[in-house]
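The residues making up each chain are set out below.
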Amino acid sequence: MTMTQMKKARLSTAIASALGAVAVISVPMAAMAQTPGDPIGFAPTGTGQVLIVPYYTTNGGWTTAINFTNVTNNALLVKVRFHEAQNSRDILDFNVMMSPHDVWNGYLTPGLNEGDAPVFRTDDTTCTTPALPAEGVPLSAMAFSGGNADGGPTDNSRLAEGYIELMVIGECRSDGACMTDFSTVVPDDDGIGYLTKHVAGMPRDCARARAMSVADGNAGFPALGASFTGNQKHGAPAYRNSLGLYSGRGYGSVMSYAPLKGNISFVNSVNGQGGGVQALHLDAVACNSQAAPQGRVCGNQSANLVTAQSPDYFLEPTIATMPNGLWDARSLNLLESRFTWASVVNEWADNADNAAYTDWIVNFPTKGFHVDQFCHIVQANNNAWRNDGANVLACAQDNSSTARDERANYTAVLADGTRATPSSMRLAPFNNLWAVGSDGIAKSAIRYSSAIFDREEGGAIADSPIFSPGGSAQAELKFETNVIRFATNEEDAPLQSIMSARFDAQDALGNADALYGWMDLQFSGVSGTPGANPFVGLPVYGFVMKNRAKEGRTLNYAQMLDHGYNWSR
């Protein structure tokens with residue numbers, strides 16, 4: 001074994017021993033045990049109702065693939081939502097109608113020509129709504145351009161990186177009426193689970209299932225300052241069960257505690273590299289945030305989250321509104337406490353000798369619900385409709401206007417001009433609204449500090465002397481999904497991100513010869529929301545992409561490593 005290999009082998013031991021001295025709790029995400037004082041839903045099983053894929057990319061020859069599995073005997077309705085990286089606006093949204101024990105997959109590739117939008121494709125036969133054509137469907141810039149502009153870039157370059165949410169929003173139980181062939185009683189009136197069930201490898205009738213997903217033309221949608229009435233929350237699609245949990249032919253409330261498992265894979269056929277990592281799995285999200293699950297299923301308090309796959313109903317649900325119900329974001333802070341961390345830890349490399357480099361992915365999957373405060377724009381994550389599930393807020397300007405100042409434009413605001421109600425949709429625990437900064441870049445900056453080490457050193461204790469060489473630096477993360485690049489040269493970075501921020505490890509350490517080590521990225525100046533989220537830190541998730549690209553495709557490798565986390569309260 002070489003000296004370099006020995007240093008690599010000791011990294012995990014170094015991290016463990018160093019963090020043992022830090023006065024915070026540090027545990028793997030999937031292994032965290034729940035205590036009576038903690039919120040439900042850490043998903044130690046690696047399955048969940050909500051899955052967050054913290055990063056996708058089509059840069060640098062990379063293809064991003066996702067796959068997820070229905071681990072239950074029931075039929076599921078799964079919303080797949082792609083977000084662009086900078087301000088988390090929706091850029092593709094569709095639903096997958098999964099048969100019991102079904103597996104579904106798809107992949108994202110660059111557009112055909114330079115400047116084209118990335119294209120999502122699938123070869124899977126499972127029913128989707130709308131249908132995904134064989135040539136794929138391009139991601140869309142509509143949510144951040146034209147009347148939805150937010151001050152950031154408006155071209156297709158903004159679509160090349162982002163993250164993905166997978167949410168189970170409806171369920172058809174195996175013994176429910178939704179699995180029944182009703183055609184002997186009423187022609188063409190079969191249950192949604194019956195239509196989407198695979199027979200000899202193919203669903204029975206995707207066309208009829210899709211026809212059930214559109215909105216009732218009479219449903220309507222509320223104006224600013226109005227209230228939700230009738231079917232305005234969801235659009236009354238035929239595949240939504242309105243007769244009780246499982247007494248009708250549509251999807252009912254989500255009852256399975258953790259019905260979905262998902263993964264992400266990155267493949268670069270040009271460089272001969274690939275890697276994979278788990279999504280963040282959150283269980284029991286739709287089980288009503290204030291009630292404990294009954295065994296491994298949700299109780300009858302679970303809300304029906306099925307919406308029409310038609311504007312603007314398809315904007316719901318979100319991870320912010322799943323706990324309480326459509327358009328009701330009052331339990332966002334409680335959800336965030338499940339993955340709020342004081343800091344993120346992982347390894348880094350900037351080693352030209354063996355062409356080993358790392359990129360860090362740092363994703364804040366709920367940030368947009370706090371910082372994207374455009375009251376009158378329904379495509380904004382923080383908007384007037386996403387409130388208490390009953391009332392639409394009034395705005396300081398009408399919905400037809402595209403003008404806005406640098407601050408929130410709600411009528412009820414705090415002293416700093418940001419949104420006041422409900423408290424879960426306030427700017428906290430983040431510090432800055434999404435806005436164009438003095439540098440001309442639209443962003444919502446998060447300041448962070450870092451304790452960085454090479455592989456020969458121990459850990460650092462806050463407010464105490466540290467071993468040398470060790471160092472600290474402070475910088476900012478601008479976006480919802482961020483790429484921290486350690487490679488000195490951009491062309492050496494594993495993910496070839498067009499929005500990456502360089503972290504100069506050698507400068508931070510004061511050692512030009514430092515090639516690899518580990519870092520503790522610490523969020524400074526943030527805290528929990530009193531009475532709601534007692535955890536100090538920010539809701540965050542991500543991973544490290546590590547690669548070697550020097551000797552050609554046969555000798556290259558890539559590796560994706562889950563972050564470790566520290567938490568305190």
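What counts and what doesn't
- Residues numbered from 1 in each chain as written.
- Predicted model: local features only at pLDDT ≥ 70, side-chain atom pairs only at ≥ 80, totals over all residues.
- Heavy atoms only, no water.
- Helix = DSSP H or I, 4+ residues; strand = E, 2+ residues; numbered from the N terminus.
- Buried < 20%, exposed > 50% of the residue type's maximum accessible area, 1.4 Å probe, protein only.
- Contact = heavy atoms within 4.5 Å.
- Areas by Shrake-Rupley, 256 points an atom, 1.4 Å probe, with all protein chains shown as cover.
- Pairing = 2+ DSSP bridges.
- Disulfide = S-S within 2.5 Å.

## Considerations on the overall build of the chain
Okay, so step 1: The secondary structure content of the chain amounts to seven helices and 29 strands.
Okay, so step 2: Across the 569 residues that make up the chain, the buried fraction comes to 57%.
Okay, so step 3: Of the contacts made within the chain by residues no fewer than 6 positions apart, 72% connect residues no fewer than 24 positions apart.
Okay, so step 4: Surface accessibility of the chain: about 20800 Å² in total, with carbon and sulfur atoms responsible for 52%.

## Let's talk about the sheet that holds strand 9 (residues 137–138)
Okay, so step 1: With antiparallel pairing, six strands are arranged side by side in an open sheet as 9-7-6-3-13-14. Either end of the sheet is taken by a strand with one partner, and the two such strands are strand 9 and strand 14 (273–278).
Okay, so step 2: Here strand 7 (residues 119–121) runs beside strand 9; their pairing, made up of two bridges, is antiparallel. Bridged to Val119 within strand 9 is Pro138.

## Looking at the pairing of strand 4 (residues 75–84)
Okay, so step 1: With respect to burial, strand 4 is a largely interior element, ten of its ten residues being buried.
Okay, so step 2: Every second residue of strand 4 is oriented toward a common face, with Ala75, Leu77, Lys79, Arg81 and His83 on one face and Leu76, Val78, Val80, Phe82 and Glu84 on the other, all of them buried.
Okay, so step 3: As judged from the ten bridges shared by strand 4 and strand 10 (residues 161–172), these two strands associate in the antiparallel manner. Note on strand 10: the bridge partner recorded for Lys79 is Met167.
Okay, so step 4: Sheet analysis places strand 4 next to strand 5 (residues 90–98), joined by eight bridges and oriented antiparallel. Residue pairing in the sheet places Leu77 in a bridge with Met97 of strand 5.
Okay, so step 5: Connecting the antiparallel pair strand 4 and strand 5 is a turn made up of five residues, with Ser88 showing a positive phi of about 65°.

## Some words on the state of the cysteines
Working definition: the covalent bond between the sulfur atoms of two cysteines is a disulfide.
Okay, so step 1: In this structure the tally under the stated criterion is three disulfides.
Okay, so step 2: The disulfide partner of Cys127 is Cys206, and the gap between their sulfur atoms is 2.0 Å. Between Cys127 and Cys206 the sulfur-sulfur dihedral comes to about -90°; the bridge is accordingly left-handed. Placement of the pair is Cys127 in strand 8 (residues 127–129) and Cys206 in helix 4 (residues 206–211), with a sequence separation of 79 residues. Residue Cys127 shares its accessibility class with Cys206, and that shared class is buried.
Okay, so step 3: In this model Cys172 forms its disulfide with Cys178; the gap between the sulfur atoms is 2.1 Å. Between Cys172 and Cys178 the disulfide shows an S-S torsion of about 110°. By sign, it is right-handed. For the pair Cys172 and Cys178, one class covers both residues: buried.

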